Amino acid sequence: MNFWNDPLKVAADWLLGIFTGWGMPEIAAQILIGFLGILLLITILMVLDIFLVWIERKVVSRFQDRIGPNRVGPFGLIQPFADIIKLLIKEDITPGGADKVVYNIAPMLSMMSVLILWAVVPIAPKMLGVDLNIGALYIIAAGAIGTLSIIMAGWSSNNKFAMIGAFRQVAVMISFEVPMLTMLLIPTIFAGSMGMGAITEAQGEVWYVFLAPLAALIFLIAAIAELGRAPFDMAEGESELVSGYNIEYSGMKFGMFYAGELLHAFTFGGFWSILFFGGYRFFGLEQVNPLLAIAVLIFKAMLGYWIIMWVKYTLLRIRIDHMLAFNWKFLTPLAFALLMVTAFMNALLANTPSWLYISGMFLSNVVLAWVALEVARSYSRKEREKVEMPKPVVEAAHH
Amino acid sequence: MTGEQITFLVVAFATLGSALMVVTTRNLIHAALWLIATLFSVAVIFALLSASFLAVVQVVVYIGAIAILFIFAVMLTRKDMRDQSPQLNKNWWVGALLAALTFGGLYALLQGWSGLSRTVADIPSGFDAVAELGTELTSFTGYVLPFEVASVLLVAALVGAVYVAFNPRSGDIRK
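About the thresholds
Residues numbered from 1 in each chain as written. Chains lettered and ligands numbered in written order. Predicted model: local features only at pLDDT ≥ 70, side-chain atom pairs only at ≥ 80, totals over all residues. Contact = placed C-beta atoms within 7 Å. Helix = DSSP H or I, 4+ residues; strand = E, 2+ residues; numbered from the N terminus. Nonpolar A, V, L, I, M, F, W, Y, C, P; charged D, E, K, R; others polar. Domains from an automatic or database assignment. Buried ≥ 20, exposed ≤ 12 C-beta atoms within 10 Å, placed from the backbone. Expected span 1.5 Å × (residues − 1). pLDDT = per-residue confidence, 0-100. Core = buried A, V, L, I, M, F, W, Y, C linked by C-beta atoms within 7 Å. Axes fitted to C-alpha atoms, helices over the stretch in contact; angles between N-to-C directions. Parallel < 35°, antiparallel > 145°, perpendicular 65-115°, else oblique. Left-handed = near helix turned anticlockwise from the far one by under 90°.

Caption draft 1: View of the interface of chain B and chain A. Between chain B and chain A, the contact holds 17 residues from the first and 16 residues from the second. Sorting the residues of the side of chain B that touches chain A by element identifies α2 (28-48) and α3 (52-76) of chain B as the ones contributing at least two each. Per-element tally for the side of chain B that touches chain A: the top contributor is α3 of chain B, with 12 residues. Here the residues of the side of chain B that touches chain A sort into 14 nonpolar, 2 polar and 1 charged.

Caption draft 2: Geometry of the domain arrangement of chain A. Residue and element names in this part refer to chain A. Under the domain assignment, chain A is made up of domain 1 (1-89) and domain 2 (100-376). Computed over C-alpha atoms, the centres of domain 1 and domain 2 are 23 Å apart. Facing the 17 residues of domain 1 at the interface are 15 residues of domain 2. When contributions to the side of domain 1 that touches domain 2 are tallied by element, the ones reaching two or more residues are α1 (7-21), α2 (26-63) and α3 (79-89). Sorting elements by how many residues they give to the side of domain 1 that touches domain 2 places α2 first, with 10 residues. Split into classes, the residues belonging to the side of domain 1 that touches domain 2 amount to 13 nonpolar, 1 polar and 3 charged.

Caption draft 3: Molecular detail of the environment of M21 of chain B. Positionally, M21 of chain B belongs in helix α1 (residues 3-24). Judged by C-beta crowding, with 16 C-beta atoms within 10 Å, M21 of chain B ranks as partly exposed.

Caption draft 4: Representation of helix α4 (residues 100-115) of chain A. Residue and element names in this part refer to chain A. Here α4 spans 24 Å end to end across 16 residues, near enough to the 22 Å set by a 1.5 Å rise per residue. Of all the positions in α4, only Y103, A106, P107, S110, M111, S113 and V114 are classed as buried. Against α5 (135-156) and α11 (251-276) lie the buried residues of α4.

Caption draft 5: Layout of the confidence of the model for chain A. Per-residue pLDDT for chain A averages 84, and the proportion of residues at 70 or more is 97%. Of all the helices and strands in chain A, helix α10 (residues 238-241) of chain A carries the lowest mean pLDDT, 72, while helix α9 (residues 213-227) of chain A carries the highest, 90.

Caption draft 6: Quick peek at the environment of T15 of chain B. Its place among the elements puts T15 of chain B in helix α1. Separated by 25 residues in sequence, T15 of chain B and F40 of chain B place their C-alpha atoms 8.2 Å apart.

Caption draft 7: Examining the nonpolar core more closely. All names here are of chain A. Membership of the largest hydrophobic core comes to 115 residues, with the highest contact counts inside it found for A166, I218 and F219. In terms of residues, this core owes the most to one element, α5, which gives 15 residues. Residues within four places of I218 in sequence aside, it is in contact with P179, M183, L331, L334 and A335.

Caption draft 8: Expanded view of the confidence of the model for chain B. In this model, chain B carries a mean pLDDT of 83, and residues with pLDDT of at least 70 account for 91%. Mean pLDDT across the elements of chain B bottoms out in strand β2 (residues 172-173) of chain B (56) and peaks in helix α4 (residues 92-111) of chain B (91).

Caption draft 9: Geometry of the packing of α5 of chain A against α3 of chain B. The N-to-C vectors of α5 of chain A and α3 of chain B enclose an angle of 20°; their axes lie 8 Å apart at closest approach. By the angle between their directions, the pair α5 of chain A and α3 of chain B is classed as roughly parallel. With respect to the hand of their crossing, α5 of chain A and α3 of chain B are arranged in left-handed fashion. Contacts between α5 of chain A and α3 of chain B involve L137, Y138, I140, A141, A144, T147, L148, I151 and W155 of chain A on the former and, on the latter, V56, V57, V59, V60, I63, G64, I68, I71 and M75 of chain B. The residue makeup of the contact of α5 of chain A with α3 of chain B, split by class, is 16 nonpolar, 2 polar and no charged.

Caption draft 10: Fine view of unusual backbone geometry. Residues and elements named next belong to chain A. The phi angle at F75 is positive, at roughly 55°, despite the residue not being glycine. Along the polypeptide, F75 turns up in the loop between α2 and α3. Here F75 falls in the partly exposed class, since 13 other C-beta atoms lie within 10 Å of it.

In structure tokens, the structure reads:
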């Protein structure tokens, strides 16, 4: 058996043999195997999610010059299980005046919006849920469901802090969706397909981060904003909103939001690596064995997740009007300009040798980034002059 | 009945049921949430028809943008906008009669239509509907002109909205 070359297919064929042996029609067996595959993927993700709690706590403690969980089990590895038991046995509270059905659906939707993203993640060659040819748009559609879950949580809690938090978060998510979608189009231009599998396969020669470093950076910023993590965490804003949209949630319902956020961060680390760092590709390592390819993808996703954590625990929260101005007046125009430049350069350099194509793309990105920074610098200088200018003394109108 | 027909019937009833809830529920936020359920079911119908691009665009545009803006607008208004007046007036039977007649007429008309009994042609393998759509929208033999005209119309609407909201004297958006 070539189990080590394609374990999923071998397992599926084996199960199909068993199920049809029981007298099940083949179509029913196929559907059942499909469901089992989904169950397996989700179970693996949820178990991974438990360890993400540990990773997050360990990493944040290092950034803050602490040790982090280290008492329960080796390196504190059993700590997340203790956390889960605590969350499960906590009293499950639904606040008075809350909209019960909406209140209870919101955490589920939040988790679901993250899990459905994995349907299009190519975890190894030929190993992905569905090779949607609209994978990039699918990511945005799943994000729309995440937005919906937050607004539902904020509204149904019957709490003003939750409501303000939801407002802020939705404003952020809707605005940063624009540069994110634009940046998703740049790998699409290079690969000629929106499918995540095709985008990964097309990065055999060069990772797209070398073709479009600026796009990778903008995508990362937009992803952090979509996640609602610092410096864009005004939805939670502990110092002003206590905890934001999830303030009324307790026990495992809060746990769903928390776990969903962690898995979301990891997932966007994964998408960052798929779109710009070659996904499961690593100098032919993915051809050796699919399990090795999965390991490469997880490693790259963890690296992306680590960068997201690094940003979160280093930067301060930006004020909401600054953040929206940053998005609409700087990031979105820059994203559109980059998309136009990339499309133009792609058409211009289509039939040139690859070294020229790569260096042309890279240089156009660098030039555009430099121009954008110059524009921002001159604007900020003008603003600073306006503030520093001595104000004319105004006579009080009525003494 | 094939599996596809069963799926279609379930989704169709979900669409109609949630659409009915949109107009009958008294809580505005609930109406918006039911509207989202309706729009999502329509996306599922698109997916059943192998129109994956339309299905995802339906979710992105209608749920991700329009429905969310509905909820935003409703949430910014008074907390409880429940209308306590009766939902039907004394002419309800005229409306019901018209609806029943329209349904009966359509049913009678479609009985003689050959399209109802036709089965869907199989999509050839390797047929990329999104690529076809993209080529059609950008090729000069296709729909590049209507596509661009629609874009210009949308940009004009956007600029117009900003102009209407912008107050040149204070240099600020009108409250």
